[in-house]
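# Structure assessment
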Amino acid sequence: MQLSKKIPSLQKLVLALIVLGKLHLVDAQSSPDRSTEAGEAAITDPNQECSSYDYPPVSSQIGSFPPQWEKATILANDSAAQAKWASINGSIPTNISVKTQPPPSSYSSDDPDCWWTYNLCTTPKLSGLSPDVSAAPEPSTLGYGFDDGPNCSHNAFYDFLQSQNQKATFYFIGSNVADWPLEAQRALADGHEICAHTWSHPYMTTFASENVFAELWYCMQMIKLAVGVTPTCWRPPYGDVDDRVRSIAHALGLQTIMWEYDTEDASVNGKSVTDQTVVTNYQDFINTAKNGTFNSTGAILLTHELNNFTMSEAVSFYPQLKSTFQHIVPVGVSLNKTQPYVESNYSLPTFEQYIAGTVTTNGTRISPNDTSGSSTPSDSASAPSPSASATRSGAASSNAASETKMHVYGTFWLVVSLLTLCSLW
Ligand SMILES: [Zn+2]
């Protein structure tokens, strides 16, 4: 009698342990992989996306960068930065003064420095500098891009772009890349173009030349460290650029990308700029396009990857932009800039290739954690087979599929164990 009572108790104990084990397994399987681009890209809960993680390839080197969100200076022990600055310093004009904001009344109305903030000047007066890019040169074309990323909660937005097979230009802030390196990697993995947007997002004309250099240099270096590529384009925060700042960017191999139309999506303050202002700006821009304004030369519209509002507006206005413009392409594609980075193992399609459906070419996955090391051939809208974008998206969906499978297995075993336990009790 005693013995037969003991056996069920033992069974109960074993089964209880099995149930607990399965519960633990299910829990472990549902936690996201925060160490890879694909794992991070598969997270759908914005709160989870925005909880910080450690990415050793960047965190181990963060001491070689200026403090995040502070005015960049050339670090005392950074011989590479010092050597680069020494090599270009002599070519930077010293007769263009450091500015104050807003433009003071004492500044000459002739705008000798081609100061955009003063008079929207985009054609430099200093010789040797190319005009800024402020429109997409191709007719009826929108040069599509977003400033201030990477934003930690951008997966829904990037998923949307992916669902539309739409590529864009992302202007990344170095301090953001340092916090969200896997989100920065996603831009490249998805086939977007990456440009620099400084280290700490200052009014660049208010900085001494050495600080202007450091803001650009450390942004470029952080993108290189986190993503594996070095940008050759940049956008000045607030558009604040003059010929002194341009000459430093030029010496670093950076093309200056501006805009002519502004949604003001990053300026909403509930007073002078409201949500409705942004909606009106989008609508005005679309009406301008419908009026034929861009029939001979396209446009660039200023929009941001700054927060949920700016990204949601981008998603909600995409269908109208798509039906209004003949083509929506990354700015580099509109410029036929097939070599977007210093590194030669990544190229953008030409404008003709892009509009024919080849939206990425030779997109090598360069993320420091990537072990596949495989180069990916072209991506076609009509036949989206092997491509940088399709590879990443495939990896993400196969990840999701295997996660779902694990869930089904886990739940199945949990139910079986519980039923057995109940029948024995
Ligand atoms: Zn910005």
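Residues numbered from 1 in each chain as written. Predicted model: local features only at pLDDT ≥ 70, side-chain atom pairs only at ≥ 80, totals over all residues.

### So, the environment of Ile328
Within the fold, Ile328 resides in strand 8 (residues 327-330). As a C-alpha pair, Ile328 and Ser140 span 188 residues in sequence and 8.8 Å in three-dimensional space. When near neighbours in sequence (up to four residues on either side) are disregarded, Ile328 contacts Leu142, Tyr144, Gln166, Leu321 and Lys322. (Helix = DSSP H or I, 4+ residues; strand = E, 2+ residues; numbered from the N terminus. Contact = placed C-beta atoms within 7 Å.)

### Structural notes on the nonpolar core
Ranked by internal contacts, the top residues of the largest apolar core, which has 88 residues, are Leu216 and Ile223. Examining the composition of this core, we find that 13 residues originate from one element, helix 10 (residues 209-227), more than from any other. Aside from chain neighbours lying at most four places away, what touches Leu216 is Ala196, Thr198, Trp234, Ile248, Ala249, Leu252 and Leu254. (Core = buried A, V, L, I, M, F, W, Y, C linked by C-beta atoms within 7 Å. Buried ≥ 20, exposed ≤ 12 C-beta atoms within 10 Å, placed from the backbone.)

### What to know about the confidence of the model for the protein
On average, residues of the protein score 85 in pLDDT, and 78% of them reach the 70 mark or higher. Confidence drops under a pLDDT of 50 for residues 21-29, and excluding neighbours within four residues, the segment shows 14 contacts in the predicted structure. With pLDDT under 50 throughout, residues 364-413 is counted as low confidence; its partners more than four residues away or in other chains account for 84 contacts. (pLDDT = per-residue confidence, 0-100.)

### Details of helix 10
Between its first and last C-alpha, helix 10 extends 27 Å over 19 residues, near the 27 Å set by a 1.5 Å rise per residue. Immediately beyond the C-terminal end of helix 10, within one or two residues, lies Gly228, with a positive phi of roughly 100 degrees. (Expected span 1.5 Å × (residues − 1).)

### A word on the environment of Arg34
Along the chain, Arg34 falls in the loop between helix 1 (2-30) and helix 2 (37-41). Overall, Arg34 belongs to the partly exposed group, with 16 C-beta atoms counted inside 10 Å. Through-space distance from the C-alpha of Arg34 to that of Leu182 is 8.4 Å; in sequence the pair is 148 residues apart. Excluding residues within four positions of it along the chain, Arg34 makes contact with Gly39, Glu40 and Tyr53.

### Focus: the pairing of strand 7 (residues 299-302)
By the alternation rule, side chains of strand 7 split into Ala299 and Leu301 and Ile300 and Leu302, which are all buried. Of the strand pairs in this sheet, strand 1 (residues 141-149) and strand 7 are connected by two bridges, and their pairing is parallel. Bridged to Leu142 within strand 7 is Ala299. Where strand 6 (residues 261-262) meets strand 7, two bridges bridge the pair, whose relative direction is parallel. When the bridges of strand 7 are listed, Tyr261 appears paired with Leu301. Between strand 6 and its parallel partner strand 7, the chain crosses via helix 12 (residues 275-290), and the hand of that crossover is right-handed. (Pairing = 2+ DSSP bridges. Right-handed = clockwise from strand over helix to strand, strands pointing away.)

### Some details on unusual backbone geometry
Here the residue pair Gln101 and Pro102 is connected by a cis peptide bond, since its omega of -10 degrees sits within 30 degrees of zero. With respect to the element layout, Pro102 can be found in the loop between helix 5 (79-89) and helix 6 (116-119). Note that the residue after Gly149, namely Pro150, is joined by a cis bond; omega there is -5 degrees. Considering the arrangement of structural elements, one finds Pro150 in the loop between strand 1 and helix 7 (155-163). Of note, Cys114 is a non-glycine position whose phi angle comes to about 50 degrees, a positive value. With respect to the element layout, Cys114 can be found in the loop between helix 5 and helix 6.

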